[in-house]
Each structure stands twice: as C-alpha cells, then as structure tokens.
Amino acid sequence: MVFCLPLALGSTTLSAEELPASEQLLPQVDVRATPDAVSTVPSLETARRAMAETAGGASVVDAREYREGRVSTPADALRYAPGVFVASRFGSEESRLSIRGSGLQRTFHGRGVMLLQDGVPLNLADGGVDFQAIEPLASQYLEVYRGANALAHGATTLGGAIQYASPTGRDAVPEVRLEAGSFGYERLYGQLAAASDKADVFVSASHYGRDGFQEHSRQDTQRLFANAGYRSSDVLEHRFFLAVVQTDSELPGSLTEQELRSGQVRQAAPGNITNHQKRDFDLWRGSYKLSWQPSTTQRLDVSTFYSAKDLVHPIHQVLLQDSQDYGADLRWVTEAPFGRSQDQFVLGVRAIRGDTDDDRFVTVGGLPGARTDKSEQRAENTDAYVQYRFGFAEDWSLVSGLQRVSALRDYRDLFFSPPADPDKTFSRRYEKWVPRAGVLFRAADQVQVYANVSGVFEPPSFGELTGGPGVDILDAQEGRSVELGSRGKLGVSGELGWDVTLYQADLKKELIAYQVSPSVSRTLNADRTVHRGIEAGFSLAFRENWQGRLSYQLNDFRFDGDANYGDNDIPGVPRQVANAELMYRFLEGRVYAGPTLTAASSAWVDHRNTLKAPGYAVYGLKVGQQVNAALSWFLEGRNLGDKAYAATTGVAIDASNPPNQRLFNPGDGRSVYAGLTWQFR
C-alpha cells in the first residue's frame, strides 16, 4: 500500500524554498507492506487466530501444557481438550478416541475422527488410523475441530479432525527428555534442530517401553520423526517430512464383571496368552509440502504423501497385512476476497488411495497355521470442498460451505471354494454432497458466540466391511448436526477462559459394532440414532498463584425407535466425564504443585442395556519445576487410591446372554512417574 505524507499548511501557499527547513514539504514516501516470511507449519498464534474465526466447536492444545506431566498415550495430550473422549485400552497407546460419539465402540485402530500432521492425513485411505503413528512430544500444538467444523480441512465425519503441528528447525531447540515410572514404564526422547537463513532441519527420536499393568501387556515402540525445510523466497517454502515407526504390543484382552469388581484386574484373558495375541507393525511415511503466500491475504498449500505399513496381528486368527497409501492435497485460502477484509474463501481438493494385501490364517499359539482367507483391498477417497466466511455486519459473519465426497471400497476375494465358501468379491462407491452453514458473533475482543447446522457423512472402513466373521456390505453413515456455543476469555490477562458447546446430531445408518464372541466383533448399520451433549472446557487463574483447568462432557447417545433396541442408550462411553487439575504456582510460576482428578459416570456395555460398567473417580498429584532456561523436571502420581475400575469396555448385544462376557478393560492401578527435560539453548 502507498501512503502520501503532505504537510497541512493552512490557507497560505508557499513554495518549498520559502519555508523554514523544519517546515518544508516532505517528499512522497512509498511504504509497501510485505508479509512475514511464509512457513509450511503455521505458528501457535496463527492457529489460535484461525480458531477464533471458526463458527463452531474448535480449540488449540499448546504442547507446553501437557509436557508438565507424563506424555505417553493420546489421553495425556488431549485430556483437557473440550469434547474429546480418550481412554487408553490397557494403559497403552491403543485407545478409544471419540468426539460426539464418533467411532463409539472402537477401542483400537480409531475411526470417525480424521487425524492429520501438518495437513497430511494420518488415517489410512479407508478411514482407520493407528495411534502408535503419533508422537505427541514431537508436536508444537494440536488443533481440534469438532464435528463439521473440520470441513475446511476436508473432513465430514461425525467426530471432525485433530491436527498435530510439527516443530521445525526454526522454532525448536535441541533437547533430551527422560521419563520412567510404574509397571516398567520408560520413555526416552531426543530432538535436534538447526536453521540458517533459508534452510532448517528438525529430527526427533523416541523409545517407549512398558511391561504393563496387566499380564501380557508389554509395549515396545520406537519412532523417528524428521522434517527439513527450504525457503526459496519470503513467499515460498518447501518442506519434506519423514516418519518411521516400529511398534510391538501384547494384547491382554478384557475382564469379566466379576473379575473387575473383585479387584482381579492385573490378569489377562487366558485365550490371549494361549494365542499370544499381539498387534505389531512397521510404518514408513514420507510427505512433501509446499506453501506459497504471495501476500498477507493469500496462501496456497500443496502436499503429497506416501506410506507403507507391515502389520502382524495374531488374535483369534493371524492377520498379515501389507498396505500402501498415497495421495495429494491442495488448499487455497484467500483472507480478503473481492476486497472485503472481513471475508475468507477456502477451496480444497484431496485424493487418497490405499492398497492392502490381506492374508489370514488359523492361529497356532500366535503363529500362522492353515490359510483361512486372502484378499486385495483398495480404498479411494476424493474430496472437494469450498467454504466462504461473509462479514455481513460489524462483528457478525456468516459461514457457508459445501463438500463433495466420493469414496470407493473395492474387495477382491482371492481364497474361496464354492459352494461352502462363496466368492465374497464386491465393489461399492459412496458419494454425497455435504453442506454447512453457520454464524459467528464476536461479542468482544476475545469472546465469540456461534451456531451452525451441517451435514455428516462417513463411508465404512474395511474394518467394518470385513472385520467380522464374514463380509458385511454396509451403507455410509450420514445425517445432520446442529450446535450452539461460545468460547472466550475475560480479565486483564484472560483469567477466566471457557469453551462450551451444545450439539445434536441426527444420524441414519450409523455404523454400530457389537461383540459376536470374546474375540470377534461385527458392524451393522443402525436405523436412526441421536447423539447430543455438552462439550465444555474452563480455565481459571485466581489469587495470583492458583490456576485450575476443567474439561467436562455430557454424552447422550441413543437409538431412535429402533426395531430391536427401541430408544436404548448406545453403549461405549460414560454419560458424564470430567478431568480437572488445580495447580499452585510460585517462584514466578517456575514451580507448580497440585491435585488432578478424572471422573466418569457408569456406562452401558450392551445394546440391550442390561449391564453397566461402574462409574469411578481417580485422583492424582503433580509437582514440577522449571529450574532454569534449560532444565525442568516433574513427578506425577496417578490413581493414588489404587481404585479398580474399567477405563473402557467392549460392546455386546446382550451382556446377560451369555453371562460373564469379557467386556471390561481395566485402568492402571496406583502409579508414579518422573521426568526430566534438558534443553540445549
């Protein structure tokens, strides 16, 4: 922009030569605004500004907050993110991750929430995702887009999307972090970072090991995450990402209600030991991202990725899978289209394909015996989306969007012998236009109120289509969601913060899973279901030294006049869940100490609502210190009352028939963890 700077001279006109030197006209000066140098990984503040312009439930998790304690499972990073339910399956990285009841009965290999890293999907092409593929310590921050608020990132699932933002060589420092604790827990993490004017590099490596709270629950995972960027100009940056994961996990299985209530929670299911049930895989993922920002109001991101995974999974059968996934993504954002500074236009296209060779065998003590099945599976997804934010009045914006989803699930049966074993080959395409409309009101500088109505659409993964005793050719899950909420901060320094949303989703053909036998589940389409609830997060700083945080969920998920289950609750998660901490900080905030609490109400474990997992409350204590700019430490106790409780459960049709089904996954008992971080600044 150009500014002309003349002097006001009153009514008398004088030439420059006639003016005193101090009053002579200044020459015209051109002042041109140039954008900050582009970055392929936006800063934390940029992410927070984007959240403030979202007309719906969305939040940012600063990695520095969860680094004050143990960082092991997804629950450690997402505990205080409003609306996110995460429960570790048996104290491991395998978790039940659900937002608004998405993937409700998955206690492993998540579904219903898109996970991304720097804009690149971590989910496989069919929608499933592995939690071991994530390293929360190698993240600057996490972005959580609940429900249809993830449309601008190409997600239409009920749960939305969670994006991990990587550190780069420009914003990270070399460090070493050590953690150790109960049940043989050990974690070693190290990172290196370096940068020049045009180039930077970041490398992290980690080891995670755990003997486990239950028998037969040993974990062993190694991860390498690296990225290298090159800034060819102030408006163009290239970045290459590499991830290598090697993970071995023993599976202890579930307990009966009697075993849980009697405190026999450290044992494993006998069949899991006999069959040496495990889930091991090696993963390689590489991606490239280009970011072009020709001005402060325009940005183009283009990315491509390729991943290869080798899975060895002995359960009630032995699964051997080799999969390759690859894709490309383009996202264009204009912050001031048509010269309207309060508007924003987003256009995106994403195409992904995955090819899997699936081989299945009879298990002989965890080793493959006779082949039982063999198939080739191909999943394709093409998403095109557009979103426009229109500022129609001061402090008011209307957000509208539309997404076209096209998905293919192609299954080729390579092992069949009619008539007893017919050819199960099928090919099914799922397509849908998914709309969105919302309104955002900026009530104050840091206060927003919002409402929206949006479509929901989710094709089944191969885990639903072929994960049972046979093949179930299912319809896509679809519906409509509405929400109303507010987020913001009050006080000179934001002493009170909140993020509260009320939502309801009316679904058709929800993908509902249930347990067929102790080791086998099956998924079918329900008729109509309703998901509604409250997502809330609060923070409060008071009396100078005290800081508190609270996350709370009210989950009301139920069938809607179902022919088999009427209006029963859909099992899978507790009706109410809360996480809280209260920290006292002194010595200029460098030392902190205080209690923590996780509480949940009872939860149904079957569709007929005959049996509940009991509610629970477990408390802990956390202390730590930032000794100086380089050194920090923490000490954390969890479940200090040593309560026996079910952190998650399986899901059955009728838990009373037969009785004593293995459905309960216990949470860890009393445990203590310590950690030390040294940064080389």
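Here the structure is shown first, and the text comes after it.
The following paragraphs examine the structure supplied in this document. Computed from a predicted model, the values in this text were never measured in an experiment.

**Topic: the side chain of Thr40**
Logical step 1: Relative to the assigned elements, Thr40 resides in the segment before helix 1 (44–52).
Logical step 2: Thr40 sits in the buried class, given a relative accessible area of 0%.
Logical step 3: Setting aside residues no more than four positions away along its own chain, Thr40 makes contact with Glu237, His238, Arg239, Lys289, Leu290, Ser291 and Arg299.

**Section: the environment of Ala603**
Logical step 1: Counting through the fold element by element, Ala603 comes out in strand 29 (residues 603–604).
Logical step 2: Take Ala603: its relative accessible area is 8%, and that puts it in the buried class.
Logical step 3: Measuring from C-alpha to C-alpha, the distance between Ala603 and Ala646 comes to 9.6 Å, with 43 residues separating the pair along the chain.
Logical step 4: Excluding residues within four positions of it along the chain, Ala603 makes contact with Val573, Pro574, Leu611, Lys612 and Ala613.

**Details of a nonpolar patch on the surface**
Logical step 1: A surface patch of nonpolar side chains, about 820 Å² in accessible area, is lined by Val176, Leu178, Leu188, Val627, Trp633, Leu635, Val672, Leu676, Trp678 and Phe680.
Logical step 2: Contributing elements (two or more residues each) for the nonpolar patch: strand 8 (175–181), strand 32 (631–638) and strand 35 (671–679).
Logical step 3: Considering every element that reaches the nonpolar patch, the biggest residue donor is strand 35, with three residues.
Logical step 4: If you trace the backbone, Phe680 turns up in the segment after strand 35.

**Regarding the environment of Gly641**
Logical step 1: Counting through the fold element by element, Gly641 comes out in the loop between strand 32 and strand 33 (646–649).
Logical step 2: Along the primary structure Gly641 and Gly620 are separated by 21 residues, whereas in three dimensions their C-alpha atoms are 8.4 Å apart.
Logical step 3: Those residues within four positions of Gly641 in sequence are excluded, and the remaining contacts are Tyr619 and Arg670.

**Here we look at empty space enclosed by the protein**
Logical step 1: Overall, the coordinates contain 10 cavities of 30 Å³ or more when judged by the stated rule.
Logical step 2: By volume, the largest cavity amounts to about 350 Å³.
Logical step 3: Residue lining of the largest cavity: 25 residues in total, with Met114, Ala125, Gly127, Thr157 and Asn381 positioned closest to the centre.
Logical step 4: Elements supplying a minimum of two residues to the lining of the largest cavity: strand 16 (344–364), strand 17 (367–393), strand 18 (396–413) and strand 20 (447–458).
Logical step 5: Counting residues per element, the lining of the largest cavity draws most heavily on strand 18, which supplies three residues.

**Digging into a negative patch on the surface**
Logical step 1: On the surface, Asp282, Asp310, Asp322 and Asp357 cluster together into a patch of negative charge.
Logical step 2: Locating Asp310 in the fold gives a position in strand 14 (residues 298–314).

**Looking at the sheet that holds strand 6 (residues 141–146)**
Logical step 1: Pairing is mixed in the open sheet, where five strands are placed in the order 1-6-7-4-5. Of all the strands in the sheet, just strand 1 (58–62) and strand 5 (120–121) have a single pairing partner and so form its edges.
Logical step 2: Note that strand 1 and strand 6 share five bridges and pair antiparallel. Within the sheet, the bridge partner assigned to Asp62 lies in strand 6 and is Tyr141.
Logical step 3: Strands in contact with helix 1 are strand 1 and strand 6; relative to strand 1, the strand with the most contacts, it is inclined by about 160°.

**Side note on the pairing of strand 16**
Logical step 1: As paired elements, strand 15 (residues 317–334) and strand 16 share 18 bridges and run antiparallel to each other. Bridge pairing in strand 16 links Gln321 to Asp358.
Logical step 2: Sheet topology places strand 16 next to strand 17; 20 bridges connect them, and they run antiparallel. Among the inter-strand pairings, Ala351 is bridged to a residue of strand 17, identified as Thr382.

**Some details on the packing of aromatic side chains**
Logical step 1: Inspection of the entire model under this criterion finds 16 aromatic pairs.
Logical step 2: Both rings, one in Trp292 and one in Trp332, keep their centres 6.4 Å apart while their planes meet at 40°; by these two values the pair is tilted. On the criterion of sequence distance, the pair formed by Trp292 in strand 13 (residues 280–295) and Trp332 in strand 15 is long-range, its members being 40 residues apart.
Logical step 3: Taken together, the ring pairs connect Phe542, Trp546, Tyr584 and Phe586 into an aromatic cluster.
Logical step 4: Sitting over the face of the ring of Tyr673, Arg70 holds its NZ or CZ atom 4.7 Å from the ring centroid.
Logical step 5: Taking the ring centre of Phe281 as reference, the NZ or CZ of Lys309 above it sits at 5.4 Å.

**Observations concerning the environment of Ala384**
Logical step 1: Secondary-structure assignment places Ala384 in strand 17.
Logical step 2: Residue classification places Ala384 among the partly exposed positions, given a relative accessible area of 33%.
Logical step 3: In contact with Ala384, other than residues within four places in its own chain, are Gly348, Val349, Leu402, Gln403 and Arg404.

**Side note on the pairing of strand 26 (residues 546–559)**
Logical step 1: Bridging between strand 25 (residues 528–542) and strand 26 involves 14 bridges; their strand directions are antiparallel. Looking at the pairing, Thr529 lines up with Phe559 of strand 26.
Logical step 2: In this structure, the hairpin formed by strand 25 and strand 26 is closed by a connection of three residues, where Arg543 is found at a positive phi of approximately 50°.
Logical step 3: For strand 26 and strand 27 (residues 576–586), the ladder comprises nine bridges, and the chain directions are antiparallel. Each bridged residue has a counterpart across the sheet, and for Gln547 the counterpart in strand 27 is Met583.

**Considering helix 1**
Logical step 1: Of the residues making up helix 1, those classed as buried are Leu44, Ala47 and Met51. The buried residues of helix 1 occupy an angular sector of 60° when the element is viewed end-on, so they sit on one face.
Logical step 2: Turning to helix 1, the residues buried within the fold contact strand 1, helix 2 (63–66), strand 6 and strand 21 (477–490).

Conventions and cut-offs
Residues numbered from 1 in each chain as written. Predicted model: local features only at pLDDT ≥ 70, side-chain atom pairs only at ≥ 80, totals over all residues. Heavy atoms only, no water. Helix = DSSP H or I, 4+ residues; strand = E, 2+ residues; numbered from the N terminus. Buried < 20%, exposed > 50% of the residue type's maximum accessible area, 1.4 Å probe, protein only. Contact = heavy atoms within 4.5 Å. Patch = residues over 30% accessible without salt bridge, like charges linked within 9 Å, V, L, I, M, F, W, Y side chains within 5 Å. Areas by Shrake-Rupley, 256 points an atom, 1.4 Å probe, with all protein chains shown as cover. Salt bridge = Lys/Arg side-chain N within 4 Å of Asp/Glu carboxyl O. 1 Å grid on protein atoms, 1.4 Å probe; cavity = no way out; pocket = protein on both sides within 12 Å on 5 of 7 lines; lining within 4 Å. Points joined across faces, edges and corners; volume = space filled by probe spheres on them. Lys, Arg positive; Asp, Glu negative; His and termini not counted. Charge placed at Lys NZ, Arg CZ, Asp CG, Glu CD. Pairing = 2+ DSSP bridges. Axes fitted to C-alpha atoms, helices over the stretch in contact; angles between N-to-C directions. Phe/Tyr/Trp six-rings, centres within 6.5 Å; stacked < 30°, edge-to-face > 60°. Lys NZ or Arg CZ within 6 Å of the ring centre and 35° of its normal. Arc of directions from axis to C-beta.

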